[in-house]
Amino acid sequence: MLDASSLDPDPDLSPNLDDEFSQPASTQTNSDQKVADLLKEANDLINNNNNNNNNNNNNDHGSNNEVPLPTPSTTIYQDPLSPQTLTQIEKESITNLNCDGIRPSELQAMVIWHGDDINSAMEVINSLTPEVEVLHQVPFTPLSDPQVENWCKIVYSGDLGTHNSCRPNKQQSPVIVVLRDVSPIYFMSATGNPKSPPQYMNKHLKTLKDGVRNKLKRQPIHMGCHSSANVEETVLAIDPLRGLLPEFDNLEPSRPVVAPATFFSEFDMAKFSNYFGSSKNCVKVALTSLPKFNGVLRDLFVNEYYEFKTITNAVASDQLLMRENGEKGSVAAKISINNVDEEYNIRFIGDNYIAKEWHLHALATSNKDTGEMTTLNAGLISLYVILTYHKETRLPQVAAQSIYDKLGVHFGENLLLSDIVNLTPNCKQLLKQFMNLNKYPLPPEPVSPFSDQKLNDRATWWV
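Let me begin by describing the structure that accompanies this report. (Residues numbered from 1 in each chain as written. Predicted model: local features only at pLDDT ≥ 70, side-chain atom pairs only at ≥ 80, totals over all residues. Heavy atoms only, no water.)

1. Observations concerning unusual backbone geometry
What counts here: The numbering of helices and of strands both runs from the N terminus, where a helix is a DSSP run of H or I of at least 4 residues and a strand a run of E of at least 2.
Here the bond from T129 into P130 is cis, since omega is 10 degrees, no more than 30 degrees from zero. Tracing the backbone shows P130 in the loop between α4 (118–125) and β2 (132–139). With an omega of 0 degrees, the peptide bond running from L442 to P443 counts as cis. Among the secondary structure elements, P443 is positioned in the segment after α14 (425–437). Its identity is not glycine, yet N294 carries a phi of approximately 50 degrees, on the positive side. Within the secondary structure, N294 is located in the loop between β7 (285–287) and β8 (298–302). Notably, N339 is not glycine yet its phi reads approximately 70 degrees, a positive angle. Looking at the element boundaries, N339 is found in the loop between β10 (332–337) and β11 (340–348).

2. Digging into the environment of Q137
We count it as follows: Two residues form a contact once any of their heavy atoms are found within 4.5 Å.
Looking at the element boundaries, Q137 is found in strand β2. Put simply, Q137 and M110 are 27 residues apart on the chain and 9.5 Å apart in space, counted from C-alpha to C-alpha. Beyond its immediate stretch of four places on either side in the chain, Q137 contacts I118, M122, V175, I176 and V177.

3. Considering the packing of α4 against helix α6 (residues 203–216)
For clarity, the cut-off: Helix axes are fitted only over the stretch in contact, all axes being lines through C-alpha atoms; the angle between N-to-C directions runs from 0 to 180 degrees. Reported orientations rely on four angle classes, namely roughly parallel under 35 degrees, roughly antiparallel over 145, roughly perpendicular from 65 to 115, and oblique for the rest. By definition, any crossing whose near helix is turned counterclockwise from its far helix by less than a right angle is left-handed, and any crossing with a clockwise turn is right-handed.
Across the interface, α4 lies against α6 with an axial gap of 9 Å and an inter-helix angle of 140 degrees. As the angle between them shows, α4 and α6 are arranged oblique. Crossing of α4 over α6 shows right-handed handedness. Residues S120, A121, E123, V124 and I125 of α4 pack against L208, G211, V212, K215 and L216 of α6.

4. Focus: the sheet that holds β7
Rule in force here: DSSP bridges decide pairing: two strands pair if at least two such bridges lie between them.
Taken together, the 5 strands give an open sheet; going across it, the order is β7-β8-β11-β10-β9, and neighbouring strands pair in mixed fashion. The open sheet has two free edges, formed respectively by β7 and β9 (315–316), since each of these has just one partner strand. Pairing of β10 with β11 involves 6 bridges; the strand directions are antiparallel. By the bridge assignment for β11, I335 is matched with E342. Its contacts with the sheet place helix α10 (residues 356–365) against β7, β8 and β11, and it is angled at close to 80 degrees to β8.

5. Brief notes about the pattern of salt bridges
Using the following cut-off: Between Lys or Arg on one side and Asp or Glu on the other, a salt bridge is scored when a side-chain nitrogen of the former is within 4 Å of a carboxyl oxygen of the latter. Buried residues are those whose accessible area, probed at 1.4 Å on protein chains only, stays under 20% of the maximum for their type, while exposed residues exceed 50% and partly exposed ones sit between those limits.
Evaluated as defined, the whole model comprises 17 salt bridges. Salt-bridge contacts for R103 lead to E307; the nearest nitrogen and oxygen are separated by 3.1 Å. Within this pair, whereas R103 is found in the loop between α3 (88–93) and β1 (106–112), its partner E307 is found in helix α9 (residues 305–311), the two being separated by 204 residues in sequence. The same class applies to R103 and to E307, which are both buried. In this structure, the salt-bridge partner of E252 is R180, at a minimum N-O distance of 2.4 Å. Placement of E252 in the loop between α7 (231–238) and α8 (266–275) and of R180 in strand β3 (residues 175–181) is noted, with a sequence separation of 72 residues between them.

6. Considerations on the packing of helix α11 (residues 375–390) against helix α12 (residues 397–411)
Each pair of packed helices gets described by two things: the angle between the helix axes and the distance between those axes. Keep this limit in mind: Under the grouping applied here, Gly and all other residues not named as nonpolar or charged are polar, the nonpolar ones being Ala, Val, Leu, Ile, Met, Phe, Trp, Tyr, Cys and Pro and the charged ones Asp, Glu, Lys and Arg.
Closest axis-to-axis distance for the α11/α12 pair is 8 Å, and the angle between their directions is 120 degrees. Taken together, α11 and α12 sit at an angle that is classed as oblique. In the packing of α11 onto α12, the handedness of the crossing is left-handed. In contact with T375, L376, A378, G379, L380, S382, L383 and I386 of α11, α12 contributes I403, K406, L407, H410 and F411. Tallied by class, the residues present in the contact of α11 with α12 amount to 8 nonpolar, 4 polar and 1 charged.

Read these as geometric descriptors, not functional statements.
Right under this line is the structure:
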């Protein structure tokens, strides 16, 4: 959790974000009615905004079916020569960010590798009712060996060696247990693989997996059971079996359906996220509004990666290399915007894609109704990302103009459009001065173990 006391505006003190991942998860429970009320509240915000935008479109364009994007809101001036600070309200907006108690219920899956272990395993699984409900216990018996092997390749990214093609006992077929976690809680925990970094995972499923493995005492221990740790792993375990096992024919979707089928715009998506669970701080998202160029994926800056993906119906772009699959690092995801699957990289607090303190400031000062960062943050973060990761030497006019429109008011005659187009030493020096002033580390800290390690190959533009 984030402690407001660590966010002193004194420029000599830097916000400490380490507690975001170190505090114990809340044990607050959830209820279907509470979730339904929260979802209705958030959906009403989007529907009202969409209706207003559609009405404006009809008034301004007559029979023209083209839907314009909302006009970005303006932001107040910030002095780039003064350290960034937070008001008390801004501090409170990012204090104790926590989605426990308002997450929607979600499906999870556990596979008992030896069918004759199922009764012992169910003794452990049933110990968490009513928080975790058992929906199905389905043996793999109807499946052929090739079908099980294909399923196994999906679940384990092609690594079949340690699981004997996921059918270790020909006489006792594996059994998949489909669960519904009524009140999901997520926390950071070590995985069963000592070579893997800690993973942000479903606490109830982690408890059940450890309990089942300890009770079954199979050797090696992972041959007792497999369980999903998050919604994307649930998708990997359950969806390939739809159409193969009749018990799954009428099973609810593996991903909770929370958001509208599509968002009107990026701004609507951000507003929906920022108001979800508005009675407490849950999800925050901030946008740089940098336009697409040179095939570069746009970044979304959020506080909580998994919950943001859940409430926006975001789908991992690469299920083999996605973060959810053993923290392999890909954070690319597709979100439906105006009926188009738009792809973004989802950047989260602690990944060190940008400095943690800068990331936090961008979230705290962004516009709750649109997700837009302040113009100073949006322009300089865009510039930092372009120089550090994309290693551009010259920008196309559309990207340069977007950044200049944000930064020109702050730097005046000290920054020209041509500086940004050509990424001149002057441009880099202004960015470096701003980062040093705010103690945003240069060189940057290594990216976290939960990120794509290739991001550590940064261009050293600041030297």
